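Structural features, examined
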Amino acid sequence: MGIEVSEAKPTSDEEVVIWRNARLATVAEGTDGLGIIDGGVVIVKGEQISYVGTDNDLPASLTKGAIEVDLGGRWVTPALIDCHTHLVFGGDRALEFEMRLSGATYEEIARAGGGIVSSVKATNALSEDELVLQALPRLDALLSEGVGTVEVKSGYGLNVGTELKMLRAARRLAALRPVRIVTSYLAAHATPEAYRGNNGGYIEDVVIPGLEAARREGLVDAVDGFCEGIAFSPDEISCVFDAAERHGLPIKLHAEQLSNLGGAKLAASRGALSADHLEYLDEHGARALAASGTVAVLLPGAFYTLREKQLPPVQALRDAGASIAIATDCNPGTSPLTSMLLAMNMSATLFGLSVDECVAGATREAARALGLVTTTGTLEVGKSADFAVWNIGRPAELVYRIGFNPLHARIFKGRRLRP
C-alpha cells in the first residue's frame, strides 16, 4: 500500500552543528525550575549533544569545522515526549461520545459491549498496513508539535495474532517517520467475549503466550495492564507482572482511574516504570510511588473526555516527592487527543500543575516514565540531540495557548526536520 516515508538527511557521526543565540530550558536533572540558560548554545556531534551552556563559556576547540545555526533568540526545550498512547487502532468511537453526552457512564458503555471491545472489533478487522496508515496521521499531529518520542500500546486485539500485529505496526512507524517509538504490550486491557467471567483463563491462554511471542520477535519494550473493576484485579495483574519479570521486561499499569483497587501500590511494589491515570489514588499510594521511583503519569484528556469529577491528588504527589509526567492517552474512545501542547494546557487548567511541572512532565519525567531519562528528555551532554525550537516569549506560552502551535523547528537525533 502507498505509505509515505518522511525524508530526512542522515547525520554524519562526525558532523558538528552549533545551535547558538538561544534561550535554553534544559530541564536538566538537579537544576532549579527549568534549568534556564540565557545566551545559550547547544552543540551536536552526530546524533548526540556534546555541549550545553553559554556562548561565553564555549571552548574554541569545539567549534572547529562546525556548521552554525543562529536561532535568533528563540527558546529551545527538549523534544516533547508522549509517554502513554494507544496510537495504533482501527475505527472510531464517535457514537460513544454521543452516548456520554446523553448521560451514559464509562462503565455502562463498556458493559453494553462498547468501549474497548468495540475498538477490538475494528482493529481485528484491519491488516497491518491498514493499521499503519490509520496511525500515521495521528503520529504526524504529535510530531508537528515538537514530539520526538512516542509510546504505543497494543491492547485492541485481545488475541495473540492481533496483539502482535499492533506491535509490528507500531514498530514500523519508526521506519516511516523520524521518531523514537517505544512499545508496550497491553493484552491485559479487557477480556474478550469468549472469556467473559474467566479473566484467569484469558491471562493463561492469551496474555502470557502472546507476551512470550512478542518477546521472541523483539516487539515489546514494556508490559502494561488495566487494573480496574471493569478490567483486571490486582491479583490477576500480578500474574501478568510475574510473566514480565521472567522475561526481564519492565512494567507499567493503568491504575486508580475509576476506583481505588490498590493498583498503584502494586505497581510501586514491583518497581514499575509508571502508574497512569490515578484519579482515585490516595496518600498511601502517592507515597508508595515516590518511594519506588514509579512515575505518576497524569492523563487529562481522558479526565476531560469522560467529564470526570475526581481529580488526581496532585498535592499529595508533590508532598510525597513523586515524579509527575503527563501524556495524551491518545485512544479512540476516552481520549481522542493528538496534541501534547493541549495535554499540557489541560494539566495546568484542570489539575493545577505549574508551568514548570507541565514542561518537565512532558519532557524529563515522561522520559523517566519510559525508562529513557538517560537517553532523552533533557538538554544535557551525552544525550540524544532531540529538541524543539519555539517561537515564544517565555515557556509559559507552551502551556497557556490553546489551539496554537508555536513550533519553529524539530530536531531529532541531530537532524533538523520541518515542523
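Residues numbered from 1 in each chain as written. Predicted model: local features only at pLDDT ≥ 70, side-chain atom pairs only at ≥ 80, totals over all residues. Heavy atoms only, no water.

Taken as a whole and assessed by the stated rule, the structure comprises five aromatic pairs. Between Y202 and F232, the ring centres sit 6.2 Å apart and the planes meet at 20°, which makes this aromatic pair stacked. You can see Y202 sitting in helix α6 (residues 199–217) and its partner F232 sitting in the loop between β9 (222–227) and α7 (234–246), a full 30 residues away along the chain. You can call F232 buried: its relative accessible area is 0%. Within the aromatic cluster, the residues linked to one another by ring pairs are Y195, Y202 and F232. Positioned above the aromatic ring of F89 is the side chain of R138, whose terminal nitrogen or guanidinium carbon lies 3.6 Å from the ring centre. The residue whose ring lies beneath R401 is F404, and the NZ or CZ to ring-centre distance is 4.5 Å. (Phe/Tyr/Trp six-rings, centres within 6.5 Å; stacked < 30°, edge-to-face > 60°. Helix = DSSP H or I, 4+ residues; strand = E, 2+ residues; numbered from the N terminus. Buried < 20%, exposed > 50% of the residue type's maximum accessible area, 1.4 Å probe, protein only. Lys NZ or Arg CZ within 6 Å of the ring centre and 35° of its normal.)

Most of strand β8 (residues 180–188) sits out of view: nine of its nine residues are buried. Here five bridges tie strand β7 (residues 147–153) to β8, and the two strands are oriented parallel to one another. Across the sheet, the residue bridging to V150 is I181, located in β8. With α6 bridging β8 and its parallel neighbour β9, the resulting β-α-β unit is right-handed. (Pairing = 2+ DSSP bridges. Right-handed = clockwise from strand over helix to strand, strands pointing away.)

Turning our attention to unusual backbone geometry. The phi torsion of most residues other than glycine is negative, and most of the peptide bonds are trans. Phi at N21 takes a positive value of approximately 60°, unusual for a residue other than glycine. Mapped onto the elements of the fold, N21 is located in strand β1 (residues 16–25). Despite not being glycine, H277 shows a phi value in the positive range, around 95°. Mapping H277 onto the fold places it in strand β11 (residues 274–277).

This next bit is on the packing of α6 against α7. Packing of α6 against α7 leaves a shortest axis separation of 10 Å and a crossing angle of 20°. In terms of their interaxial angle, α6 and α7 are classed as roughly parallel. Pair α6 / α7 crosses with right-handed handedness. Note on element contacts: α7 touches α6 through E236, C239, V240, A243, A244 and R246, opposite N199, I203, V207, I208 and L211. Here the residues of the contact of α6 with α7 sort into eight nonpolar, one polar and two charged. (Axes fitted to C-alpha atoms, helices over the stretch in contact; angles between N-to-C directions. Parallel < 35°, antiparallel > 145°, perpendicular 65-115°, else oblique. Left-handed = near helix turned anticlockwise from the far one by under 90°. Contact = heavy atoms within 4.5 Å. Nonpolar A, V, L, I, M, F, W, Y, C, P; charged D, E, K, R; others polar.)

Within the secondary structure, S119 sits in helix α3 (residues 116–124). Contacts of S119, omitting those with residues within four sequence positions, involve G90, R93, Y156 and P332.

The subject of this paragraph is the nonpolar core. Judged by nonpolar contacts, the single largest core of 102 residues is most densely connected at V88, V150, L173, Y185, L289, L317 and M344. Considering every element that reaches this core, the biggest residue donor is α6, with eight residues. Apart from residues no more than four positions distant in its own chain, V150 is found in contact with D82, T85, L87, L139, L142, V179, R180, I181 and V182. Ranked by size, the runner-up nonpolar core spans 17 residues in total, among them V52, L379, V389 and I411. (Core = buried A, V, L, I, M, F, W, Y, C linked by side-chain atoms within 4.5 Å.)

Quick look at the packing of helix α4 (residues 128–143) against helix α5 (residues 160–176) now. Closest axis-to-axis distance for the α4/α5 pair is 9 Å, and the angle between their directions is 50°. Considered as vectors, α4 and α5 are oriented oblique to each other. α5 is crossed by α4, and the crossing has right-handed handedness. For the pair α4 and α5, the contacting residues are E128, D129, L131, V132, A135, L136 and L139 in the first and K165, M166, R168, A169, R172, L173 and L176 in the second. Grouping the amino acids of the contact of α4 with α5 by side-chain chemistry returns nine nonpolar, no polar and five charged.

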